[in-house]
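# Architecture at a glance
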Amino acid sequence: MSETLDKPALNIVGTRPIRPDGADKVTGRAAYGADHSMPGQLVGKILRSPHAHARIVSIDTSKARAVPGVKAIITASDFPDLASEVLEGGEQASNLRDLSLNVMARDKALYHGHAVAAVAAASSEAADEALARIKVTYEVLPHVLDVEPAMAADAPLLHAHLFTEGLEAKATAPSNIAKRHRNVRGDPEGAFAAAEVTVEGRYTTQAVHQGYIEPHATVAAWAEDGRCEVWSSSQGQFMVRTYCARILGIEISDIRVTPAEIGGGFGGKTTVYLEPVALALSRASGHPVKIVMSREDVFRATGPTSGSVMHVKLGASADGTITSAHVDLKFQAGAFPGSPVGAACMTALACYDIANFSIVGWDVVTNTPKVAAYRAPGAPIAAFAVESAMDELARKLGMDPIALREKNAVRNGTKAAYGPTFQNIGYLETLAAIRDSEHYKSPLGPNQGRGVAVGFWFNVGGESTAAVNIGEDGSAVVVTGNPDIGGSRASMAMMAAETLGVPVDRVRPIIGDTASIGYSMLTGGSRTTFATGMAVVQAAEKVILDLRQRTAKLWDVSLDHVVWRMGQAECTDPAKPDKKPMTLAALAAQSARTGGPISAQVSLNAQGAGPGFGVHLCDLEVDPETGHVTVVRYTAAQDVGKAIHPAYVEGQIQGGVAQGVGWALNEAYIFDRQGLMENPGFLDYRMPVASDLPMLDTIMVEVPNPAHPFGAKGVGEVPIVPPLAAVANALRGAIGVRIPHLPLSPPVVLEALDSKAE
Amino acid sequence: MSKTHVTTTVNGDTAEFLASPGMTLLDALRDELGLTGAKEGCGSGDCGACSVMLDGRLVCSCLVLAPEVEGRRVETIEGMAQGGQLHPLQQKFLEHAALQCGFCTPGLLVASKALLDANPDPTETEARYWLAGNLCRCTGYDKIIRAVMDAAAELRQERTA
Ligand code: FES
Ligand code: FES
């Protein structure tokens with residue numbers, strides 16, 4: 001390839017160095033959200049609604065205030081009553097008023113666990129005692145949890161002012177349907193009428209939680225002069241700053257947010273729950289306030305992603321060409337509008353080139369926690385339905401499932417179902433990687449089944465800032481504004497070292513607080529290695545230009561005659577054969593004489609993120625006695641563009657698979673008749689443990705993204721898209737019947753086995 | 001509510017603190033002794049992030065009441081690296097990229113060390129079952145298990161050498 005000819009070989013990108021924050025993280029030194037304390041801090045705690053839907057008639061805090069050690073009690077009346085306004089900055093746009101009402105309920109509690117008041121006290125015991133003495137008078141209202149009942153005309157209304165957007169005719173009455181999305185191409189009805197083979201099915205999924213092991217935590221201080229300090233674990237310190245400023249009605253410049261190490265987020269830490277409350281308590285008490293959620297709080301009041309009801313119909317000709325598709329997606333948004341159904345509609349058919357389709361999505365509010373982004377938000381849910389239907393279609397046509405997908409695959413130049421034209425995608429290569437794998441050709445044992453599914457995610461770019469500061473000895477500090485959630489410090493250091501031509505251990509990557517580095521959008525959408533990486537590389541290139549200019553002056557040659565190679569300036573001027581190369585260290589040592597400190601900062605809005613495709617292959621075994629399903633072998637192939645640090649790319653893929661397998665087999669929010677969550681703990685909300693899983697094989701396909709200096713594409717989100725259907729399709733193969741509802745827990749599987757036997 | 005004076009040994013050194021009623025060992029380590037390496041992921045014994053050794057036995061420190069450690073021996077992640085040298089398990093976790101966010105890592109390292117102390121030559125299945133009490137949401141366990149098996153092999157070699 002010509003590309004390898006004119007690009008220098010890579011020395012660092014593509015290798016597997018030890019991460020720069022590694023020693024801190026294996027010794028317990030790394031400080032996460034709850035690990036930081038401020039002098040004189042109080043304990044903050046939050047009182048949560050015991051009802052799924054209730055009017056807050058009154059809140060009497062007088063007895064609670066009398067508890068010794070209690071320093072402040074706040075309710076919604078301590079926050080400004082905000083108007084509705086769309087706010088960018090999270091993983092998805094949010095409504096400012098809804099954000100604020102989710103942080104603290106005003107007139108109504110909209111789900112079990114919704115915050116209604118908060119206290120700050122000198123001790124945990126005093127705070128608990130105060131919570132017990134706050135008297136809230138509720139008028140309990142009828143509630144609705146599931147998406148279809150919430151859409152019914154006679155459903156209990158969550159918001160009196162919610163009118164459906166996106167309908168042909170303006171909605172005249174309020175409802176729980178916040179929005180309808182619709183995307184139609186060609187003539188789907190006509191094409192169905194002419195189709196030789198059709199399949200059709202209804203699929204459902206339950207709400208599941210991101211399940212990060214670190215509960216949300218923050219400590220915040222509001223000083224006498226109005227300056228605020230926040231330390232918190234989130235996916236974006238700038239997001240926390242914006243949201244706190246807007247929710248509390250204060251200036252951005254008055255808030256400084258320091259990002260703690262983050263103990264997992266997966267999208268769930270792309271919004272605020274505690275930070276504005278801690279700040280308001282600090283203002284009211286005059287002390288710093290620390291709030292740490294319990295695991296139960298995390299389940300009841302944060303995350304999850306949507307439960308759904310979906311309908312998919314596919315039409316094809318006998319040779320396997322898909323001629324028509326209909327996809328209908330109904331998603332729970334939780335207490336406020338904003339489920340990921342829009343992204344689900346866009347991704348649902350993104351892997352397929354289909355002439356006629358209609359995709360309809362419904363965003364529906366329910367008396368459950370407001371959903372938060374969860375890794376490729378919406379895409380795994382839609383893929384569960386579409387990829388299950390594809391499996392049925394392959395069976396009906398008698399076609400190999402990969403051959404069917406290859407026949408209908410999008411390619412470079414295909415206009416995607418969601419609009420743009422694909423370029424530089426590696427989908428066919430990824431399909432081929434699984435088709436040609438030893439795994440795909442291996443035989444299955446008794447009671448085993450094999451499933452294939454594919455998945456797509458856009459990946460995003462966006463706004464990022466990076467600074468590269470050179471030390472007097474030629475070492476470098478790279479400052480970025482993105483929390484390191486899965487090893488991104490390592491990839492930042494590697495890209496800087498590769499560009500500068502220095503060993504990776506000469507580069508120290510750090511993550512700045514909001515007062516020390518320019519703005520960056522949060523870590524999410526698989527954007528950091530792509531967009532922030534681009535800023536790092538450009539800042540390093542700016543440093544190199546500066547170094548070349550300084551050297552040109554020293555040598556009295558033109559800039560063109562100074563090249564930067566392997567970490568040193570070299571003279572190419574034939575008239576000056578005596579000029580010895582100058583290393584970065586040598587140039588740094590005399591920087592005072594050549595113009596002062598060497599550093600550069602770049603802020604950009606990265607465009608051209610390359611979309612990612614994954615193809616997964618799952619083998620599982622069913623215990624016919626218990627219905628228990630065990631995944632026995634798993635291979636995930638993915639187009640990653642270029643793996644900067646391959647071990648962390650593999651890790652992203654393996655982690656996404658594990659979450660997807662949990663979603664498919666076990667995880668679900670379970671509610672009782674009063675609308676109270678019954679399983680808000682890890683014992684009953686069963687996530688995969690080490691003994692549940694086999695080794696997870698990965699195949700990294702590298703079709704470079706020309707928009708990135710090293711060809712990287714986002715990798716974090718694609719791997720959670722296919723597993724739900726890969727597992728469901730494998731189970732279909734093993735037991736001979738399709739279970740279209742998640743989770744595929746033992747009782748459900750047993751029932752399917754029994755019904756087959758009858 | 002009176003507090004209880006507790007004297008114990010933490011990572012080989014004597015430690016004293018005042019325990020309020022209901023205080024767990026995890027709270028004492030984190031809030032009284034400033035050892036924040038053990039994490040609280042659940043507070044109910046279901047995630048293993050708070051794993052420590054108590055008299056040589058692996059426990060969830062969130063389930064141990066602080067006064068129970070009076071006169072006993074506690075070992076935490078902070079005591080694993082010795083003399084500025086990482087323990088082979090710590091080193092192998094880094095080499096295998098067995099951590100992403102790293103929040104589960106202290107607990108997993110303590111639990112893995114307990115495994116290798118009890119069984120220097122575990123099978124993959126034995127390692128998976130031993131570590132089943134330690135949740136990791138980031139890695140899918142693949143690289144963790146590889147790191148543990150690799151460290152076990154290295155420790156066996158060290159022993160015979
Ligand atoms: S915090 Fe102790 S087991 Fe989870
Ligand atoms: S590395 Fe994040 S929970 Fe294990």
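## Quick notes on the interface of chain B and chain A
Contacts between chain B and chain A engage 45 residues on the former and 50 residues on the latter. Around 3,900 Å² of area is buried between chain B and chain A when both sides are counted, 60% of it from carbon and sulfur atoms. Here chain B is connected to chain A by 4 salt bridges. A salt bridge links A:E667 to B:R137; its shortest N-O distance comes to 2.8 Å. Along the contact surface separating chain B from chain A lie 21 residue pairs in polar contact (both at pLDDT 80 or more). Elements with a contribution of two residues or more to the side of chain B that touches chain A: α2 (88-95), α3 (105-118), α4 (124-130) and α5 (142-160) of chain B. Here the side of chain B that touches chain A gets 5 residues from one element, more than from any other, and that element is α2(B). Classifying every residue of the side of chain B that touches chain A by side-chain character gives 22 nonpolar, 11 polar and 12 charged.

## Topic: the pairing of strand β25 (residues 599-606) of chain A
Residue and element names in this part refer to chain A. Of the two faces of β25, the one holding A600, V602, L604 and A606 is buried and the one holding S599, Q601, S603 and N605 is not buried anywhere. The pairing of strand β19 (residues 462-470) with β25 spans 8 bridges and is classified as antiparallel. Following the sheet pairing, T465 is matched in β25 by S603.

## Some points on the pattern of salt bridges
It is possible for side chains of opposite charge to pair when their charged atoms get near one another. Residues and elements named next belong to chain A. A full pass over the atoms with the stated rule returns 53 salt bridges over all chains. With a closest N to O distance of 2.8 Å, D391 and R738 form a salt bridge. Of this pair, D391 sits in helix α12 (residues 379-397) while R738 sits in the loop between α21 (723-735) and α22 (746-757), and the two are 347 residues apart along the sequence. What emerges from the salt-bridge pattern is a single network uniting R19, D21, K25, E261, D484 and R489.

## Details of empty space enclosed by the protein
Residue and element names in this part refer to chain A. One pass over the full model with this rule turns up 9 cavities of 30 Å³ or more. A volume near 600 Å³ is recorded for the largest cavity. Looking at the largest cavity, it is lined by 34 residues, and the ones nearest its centre are I485, S526, Q652, V715 and G716. Contributing elements (two or more residues each) for the lining of the largest cavity: α16 (488-500), α17 (528-555) and α20 (646-665). The element contributing the most residues to the lining of the largest cavity is α20, with 3 residues. The class makeup of the residues in the lining of the largest cavity is 9 nonpolar, 18 polar and 7 charged.

## Examining the sheet that holds strand β23 (residues 568-571) of chain A
Residues and elements named next belong to chain A. Pairing in this open sheet of 3 strands is antiparallel, and the strands run β22-β23-β24 from one edge to the other. Pairing within the sheet leaves two strands with one partner each, and these edge strands are β22 (562-565) and β24 (582-583). For β23 and β24, the ladder comprises 2 bridges, and the chain directions are antiparallel. Directly across from Q568, in β24, lies its bridge partner T583. α17 contacts β22, β23 and β24 of the sheet and is inclined by roughly 135° relative to β22.

## Some points on the domain arrangement of chain A
All names here are of chain A. Per the domain assignment, the segments making up chain A are domain 1 (3-28 + 461-606) and domain 2 (399-459 + 610-757). The partner domain 2 presents 22 residues to the 24 residues of domain 1 that form the contact. Summed over both sides, the interface of domain 1 with domain 2 buries roughly 1,800 Å², with 63% coming from carbon and sulfur. When the buried surface of domain 1 facing domain 2 is broken down by residue, R16, S526 and F530 rank first, second and third, together holding 32% of it. One can count 1 salt bridge joining domain 1 with domain 2. Among the ionic pairs, E650 bridges to R16, the shortest N-O distance being 2.7 Å. Elements with a minimum of two residues in the side of domain 1 that touches domain 2: α16 and α17. Sort the elements by how many residues they give to the side of domain 1 that touches domain 2 and α16 lands first, with 6 residues.

## Side note on the sheet that holds strand β5 (residues 73-75) of chain B
Residue and element names in this part refer to chain B. As summarised here, the arrangement of the 5 strands in space is β2-β1-β5-β3-β4, forming an open sheet in which the pairing is mixed. Two strands in the sheet have a free side with no partner beyond their single neighbour: β2 (13-19) and β4 (57-60). In this sheet, neighbouring strand axes are inclined to one another by 40° on average, regardless of whether the strands run parallel or antiparallel. With 7 bridges joining them, strand β1 (residues 4-10) and β2 adopt antiparallel strand pairing. Within β2, the position partnered with T8 by the bridge is A15. This element, helix α1 (residues 25-32), spans β1, β2, β3 (51-54) and β5 of the sheet and lies at about 105° to β2. Each of β3 and β4 touches α3; the most contacted strand, β3, lies at about 40° to it.

## Re the side chain of A:N367
Residue and element names in this part refer to chain A. By the secondary structure assignment, N367 is in the loop between β17 (356-365) and α12. Of the residues examined, N367 reaches a relative accessible area of 0% and is grouped as buried. There is a polar contact of 3.4 Å between the side chain of N367 and the backbone oxygen of A52. With residues up to four places along the chain from it excluded, the contact list for N367 reads A52, H53, L110, Y111, P142, H143, V144, L145 and L158.

## Describing the nonpolar core
Counting residues in each nonpolar core, the largest one holds 194 residues, and the members touching the most others are A:V277, A:L349, A:Y427 and B:F93. Looking at this core element by element, the count peaks at 12 residues for α12(A). Leaving out residues up to four positions away in the same chain, A:Y427 has contacts with A:C351, A:Y352, A:R405, A:A409, A:V410, A:V454, A:F613 and A:V615. Within the second largest apolar cluster, 46 residues are counted, among which are A:M494, A:C571, A:I598 and A:A606.

## Details of the domain arrangement of chain B
Residue and element names in this part refer to chain B. Looking at chain B, the domain boundaries give domain 1 (4-79) and domain 2 (88-160). Averaged C-alpha coordinates put domain 1 and domain 2 at centres separated by 22 Å. Each partner contributes to the interface: domain 1 provides 14 residues, whereas domain 2 provides 12 residues. For the pair domain 1 and domain 2, the two sides together bury roughly 990 Å², of which 70% comes from carbon and sulfur. Viewed at the interface, domain 2 and domain 1 are joined by 0 salt bridges. For the pair domain 1 and domain 2, the interface holds 4 residue pairs in polar contact (both at pLDDT 80 or more). Ranked by residue count, the leading element in the side of domain 1 that touches domain 2 is β3, at 3 residues. Residue classes in the side of domain 1 that touches domain 2 are distributed as 6 nonpolar, 5 polar and 3 charged.

## A few points about unusual backbone geometry
Residues and elements named next belong to chain A. P743 follows L742 through a cis peptide bond whose omega is -5°. Here P743 shows up in the loop between α21 and α22. Of note, the phi angle at A376 is positive, near 55°, even though the residue is not glycine. Counting through the fold element by element, A376 comes out in the loop between β17 and α12. According to the relative accessible area criterion, A376 is buried, its value standing at 0%.

## Overview of the packing of aromatic side chains
The description of an aromatic ring pair uses the distance of the two centres, along with the angle that the planes make with each other. Under the defined criterion, the tally for this structure stands at 18 aromatic pairs over all chains. A centroid spacing of 5.3 Å and a plane angle of 80° characterise the contact between A:Y32 and B:F103, whose relative ring orientation is edge-to-face. Of this pair, A:Y32 sits in the loop between α2 (22-26) and β1 (42-48) while B:F103 sits in the loop between α2 and α3, on two different chains. A ring pair is formed by A:Y374 and A:W663, whose centres lie 5.4 Å apart and whose planes are at 15°; its orientation type is stacked. With A:Y374 in the loop between β17 and α12 and A:W663 in helix α20, the pair connects residues that are 289 residues apart, well separated along the chain. Here A:Y374 falls in the buried class, since its relative accessible area comes to 1%. Put simply, the rings of A:Y418, A:F422, A:Y427, A:F456, A:W457, A:F458 and A:F613 touch in pairs and so form one group of aromatic residues. It is A:K313 that lies over the ring of A:F192; its NZ or CZ is 4.3 Å from the centre.

The rules behind each value
- Residues numbered from 1 in each chain as written.
- Chains lettered and ligands numbered in written order.
- Predicted model: local features only at pLDDT ≥ 70, side-chain atom pairs only at ≥ 80, totals over all residues.
- Heavy atoms only, no water.
- Contact = heavy atoms within 4.5 Å.
- Buried area = accessible area lost by both parts, 1.4 Å probe.
- Salt bridge = Lys/Arg side-chain N within 4 Å of Asp/Glu carboxyl O.
- Polar contact = N/O pair within 3.5 Å; in protein donor to acceptor, adjacent residues only side chain to side chain.
- Helix = DSSP H or I, 4+ residues; strand = E, 2+ residues; numbered from the N terminus.
- Nonpolar A, V, L, I, M, F, W, Y, C, P; charged D, E, K, R; others polar.
- Buried < 20%, exposed > 50% of the residue type's maximum accessible area, 1.4 Å probe, protein only.
- Pairing = 2+ DSSP bridges.
- 1 Å grid on protein atoms, 1.4 Å probe; cavity = no way out; pocket = protein on both sides within 12 Å on 5 of 7 lines; lining within 4 Å.
- Points joined across faces, edges and corners; volume = space filled by probe spheres on them.
- Axes fitted to C-alpha atoms, helices over the stretch in contact; angles between N-to-C directions.
- Domains from an automatic or database assignment.
- Core = buried A, V, L, I, M, F, W, Y, C linked by side-chain atoms within 4.5 Å.
- Phe/Tyr/Trp six-rings, centres within 6.5 Å; stacked < 30°, edge-to-face > 60°.
- Lys NZ or Arg CZ within 6 Å of the ring centre and 35° of its normal.

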